[in-house]
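# Analysis of the macromolecular model
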Amino acid sequence: MDTTRRRFIGDAARTAGGVALCGLGLGLYARRSTSLPAQALRPPGAITESEFLAACIRCGLCVRDCPYDTLQLAQFDDDIAIGTPWFNARNIPCEMCEDIPCVAACPTGALDPALTDIDAARMGTAVLVDQENCLNYLGLRCDVCYRVCPLIDEAITIEWQHNARSGKHSRLLPTVHADACTGCGKCEYACVLEEAAIKVLPQRVARGAGGRHYRIGWEEKAQAGDSLVPADPEHRYNLPEGLDYDYAGEGLIREGDTATPFAADPLETLNRESAP
Amino acid sequence: MTQIAQQPGTDAIAAKGWLLAHRWLLLRRASQLGILGVFLLGPWAGIWIVQGNLNASLTLDILPLTDPFVLLQSLAARHVPELTAISGALIVTAFYVLVGGRAYCAWVCPVNIVTDTAGWLRQRLGLTGGTRVTNRTRYWLCGTILLVSAVTGIITWELVNPVSMLHRGLIFGMSTGWAVILGIFVFDLFVSRRGWCGHLCPVGAFYSVLGRVAVLRVNAARRAQCNRCMDCIQVCPEPQVLKAPLFGADEGSGSIIQSPNCTNCGRCIDVCSRDVFQFGTRFSGNAETRLQFAKETQR
Ligand code: SF4
Ligand code: SF4
Ligand code: SF4
Ligand code: SF4
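Residues numbered from 1 in each chain as written. Chains lettered and ligands numbered in written order. Predicted model: local features only at pLDDT ≥ 70, side-chain atom pairs only at ≥ 80, totals over all residues. Heavy atoms only, no water.

So, about the site of ligand 4. Taken together, V218, C236, P237, V241, L242, I257, C262, T263, N264, C265, G266 and C268 of chain B make up all the residues around ligand 4. Class assignment for the residues of the shell around ligand 4 results in nine nonpolar, three polar and no charged. (Near = heavy atom within 4 Å. Nonpolar A, V, L, I, M, F, W, Y, C, P; charged D, E, K, R; others polar.)

Now for the sheet that holds strand β1 (residues 50–53) of chain B. Residues and elements named next belong to chain B. Here three strands make up an open sheet; going across it, the order is β1-β2-β3 and the pairing antiparallel. Single-partner strands in this sheet number two, and they are β1 and β3 (63–66). With strand direction ignored, the average angle separating the axes of adjacent strands in the sheet is 10 degrees. Across four bridges, strand β2 (residues 56–59) lies against β3 in antiparallel orientation. Within β3, the residue paired with T59 across the bridge is L63. (Pairing = 2+ DSSP bridges. Helix = DSSP H or I, 4+ residues; strand = E, 2+ residues; numbered from the N terminus. Axes fitted to C-alpha atoms, helices over the stretch in contact; angles between N-to-C directions.)

Let us now look at the site of ligand 3. Residues and elements named next belong to chain B. R102, Y104, C105, C109, V111, N112, V163, W196, C197, C201, V203 and G204 make up every residue found near ligand 3. If you list the elements that add at least two residues to the shell around ligand 3, you get α5 (103–107), α6 (111–124), α10 (195–200) and α11 (202–210). Partitioned by chemical class, the residues of the shell around ligand 3 number nine nonpolar, two polar and one charged.

All names here are of chain B. Annotation of chain B at the domain level lists domain 1 (26–210) and domain 2 (217–297). Distance between the C-alpha centres of domain 1 and domain 2: 27 Å. Tallying the contact residues gives 17 residues for domain 1 and 15 residues for domain 2. Of the roughly 1,100 Å² buried at the junction of domain 1 and domain 2 (both faces included), carbon and sulfur atoms supply 36%. Our count for the domain 1 to domain 2 interface comes out at two salt bridges. (Domains from an automatic or database assignment. Contact = heavy atoms within 4.5 Å. Buried area = accessible area lost by both parts, 1.4 Å probe. Salt bridge = Lys/Arg side-chain N within 4 Å of Asp/Glu carboxyl O.)

Side chains of L41, I47, I49, L60, I62, L63 and I91 of chain B sit close together on the surface and give an oily, nonpolar patch of about 600 Å² of accessible area. By the element assignment, I91 of chain B lies in helix α4 (residues 83–99). (Patch = residues over 30% accessible without salt bridge, like charges linked within 9 Å, V, L, I, M, F, W, Y side chains within 5 Å. Areas by Shrake-Rupley, 256 points an atom, 1.4 Å probe, with all protein chains shown as cover.)

Let's shift gears to the pattern of salt bridges. Considering all chains together, one arrives at eleven salt bridges over all chains under this definition. Note that R42 of chain A is salt-bridged to E49 of chain A, the shortest N-O span being 2.7 Å. With respect to burial, R42 of chain A and E49 of chain A carry one shared label: buried. A salt bridge links K186 of chain A to E95 of chain A; the shortest N-O distance between them is 2.9 Å. In this pair, K186 of chain A sits in helix α6 (residues 186–190) while E95 of chain A sits in the loop between β2 (85–86) and α4 (101–105), placing the two residues 91 residues apart along the sequence. Relative accessible area serves as the criterion here: at 31%, E95 of chain A is assigned to the partly exposed category. Each of R28, R29, D116 and R194 of chain B takes part in a single network of salt bridges with overlapping partners. (Buried < 20%, exposed > 50% of the residue type's maximum accessible area, 1.4 Å probe, protein only.)

At the interface, 39 residues of chain A touch 48 residues of chain B. Roughly 3,400 Å² is buried in total at the junction of chain A and chain B, and carbon and sulfur atoms are behind 65% of that figure. Considering only the side of chain A, the residues that lose the most area to chain B are L26, I57 and R64 of chain A, jointly responsible for 19% of the buried surface there. Our enumeration of links across chain A and chain B arrives at zero salt bridges. Here chain A is connected to chain B by twelve residue pairs in polar contact (both at pLDDT 80 or more). Among the secondary structure elements, those contributing two or more residues to the side of chain A that touches chain B are α1 (2–32), α2 (49–55) and α3 (61–65) of chain A. (Polar contact = N/O pair within 3.5 Å; in protein donor to acceptor, adjacent residues only side chain to side chain.)

Residues and elements named next belong to chain B. Burial analysis of α11 places eight of its nine residues in the buried class, which makes it a mostly covered element. The complete set of buried residues in α11 reads P202, V203, G204, A205, F206, Y207, S208 and L210. For α11, the elements touching its buried residues are α3 (68–76), α4, α5, α7 (137–152), α8 (162–172) and α10.

Now for unusual backbone geometry. The backbone phi angle of D143 of chain A is positive, close to 65 degrees, even though this residue is not glycine. Within the secondary structure, D143 of chain A sits in the loop between β3 (125–128) and α5 (144–148). Judged by relative accessible area, D143 of chain A falls into the buried class, the value being 5%. Unusually for a residue other than glycine, L60 of chain B sits at a positive phi of about 50 degrees. Exposure remark for L60 of chain B: the relative accessible area of 60% places this residue in the exposed category.

Spelled out as structure tokens, the structure:
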């Protein structure tokens, strides 16, 4: 009887231990699964990654309703939480459907139904990651990423810069504006290089963040209608008799003296000061 | 040389013919493959009757169905799902409360075909032995999963669940996920009899819990005719559920299989040459007593 009792306790302990171990392993694995590879983008409207893994039940209805086969469900060796929807912009980008069928199909709210304007989607942010190989940066005219952008001139603009190499041309630099970029990936898809120089990265990778206490002065001013700090008081100087402070800050001058202490030719000034 | 034991069901085949001795098995396979087939009709033939997979689906663009266990994990992870998913889960729950929780296992789950095959092969090859894993492990696992989901805020079982991995994999692409299914097959074949479905699978455990109040049940109504051939015990994936209803008449056990672990697979009905079992409801009284009652009132 003692042996059966001992065996029973042993079995119970074994079960409890085994299950606890499974639970621990599962928990650790779950934590790890929140780190998405940088090239994996979530569908439009996807809530933040950690919430997404609590919400998405891996049904694939979003995948089915995407008319462009953009989305796929992660498979066993994709290194993405298995069964969750994602896309690789370089393979098939999001075409930014106006009716957003993927979001409409989602039964759980993992894709937020509050997203009704596809321009407000933030699947990621495009970053021109390789300025060394981008043709426009080299001074050539490619512009393809700029041309294909559904939000051309808002999400990507072309900024002119002097081409110092040739000395007489401009470089037309594709420039992404994160406040308008949806992360659809059409630029990355279209980049003519063998490996895209412009890539859509998840926002957590692509974006920086200012200190939470930072305030941009001019924005605050625009909002308040006026400067938030009091205007500078007028400067007062205690100067020796007969001297005045030069307006441009170039030094003390005698009252009524109109000539500057500097010669018209800077070389002359240098020569004069180096003289003993 | 020991004589190879007679395969269970031989008597039944002799008594009723092969077809009747496999009736529920055939129906069950038709149901499992049929359900899978309807899901595959979309991606393979472009006929979209059902979209999605067993975790959640949309039938004929109108009927939402959601796996309640996945949704429960989502709730535990503190996500409040949209109404579509919730109503889908309620429909599924109501359905299995009617037909028996683990009817999911016997009639829907694609892994069941794998584990049934492993179980059948194990019996054929006369393999015995293996580990001692209590069949309550699955309940502990089921609870642990909900706990871990709550702690991590992530639907955890879906990260590794072989059931949805197989079903989704067949429909959406599987890659090396086959290895997991092969693992279950090998486990059931060599390591533990009915090891996966009978001892470990938390999905099955969850549906067992749903089945505690299930209406449709197997009834050993004519247990008095039982000749103790033990064929039902040999084929049953959860043989412990049969003991009391079949042999417990003297101890006052009812003839209805009340255990939520019964999968309503109906295999016991198939292999019984004495026609002991039948499907009934949990409220249908013992047929013997009713018969007796009828006789007494006639008198
Ligand atoms: S917006 Fe359109 S193209 Fe983009 S993922 Fe959704 S369904 Fe596909
Ligand atoms: S439709 Fe929603 S719940 Fe289903 S796979 Fe897509 S994101 Fe996940
Ligand atoms: S126990 Fe699990 S794997 Fe087995 S049939 Fe049921 S749900 Fe499927
Ligand atoms: S008791 Fe019968 S119906 Fe229930 S699981 Fe066993 S064989 Fe299947």
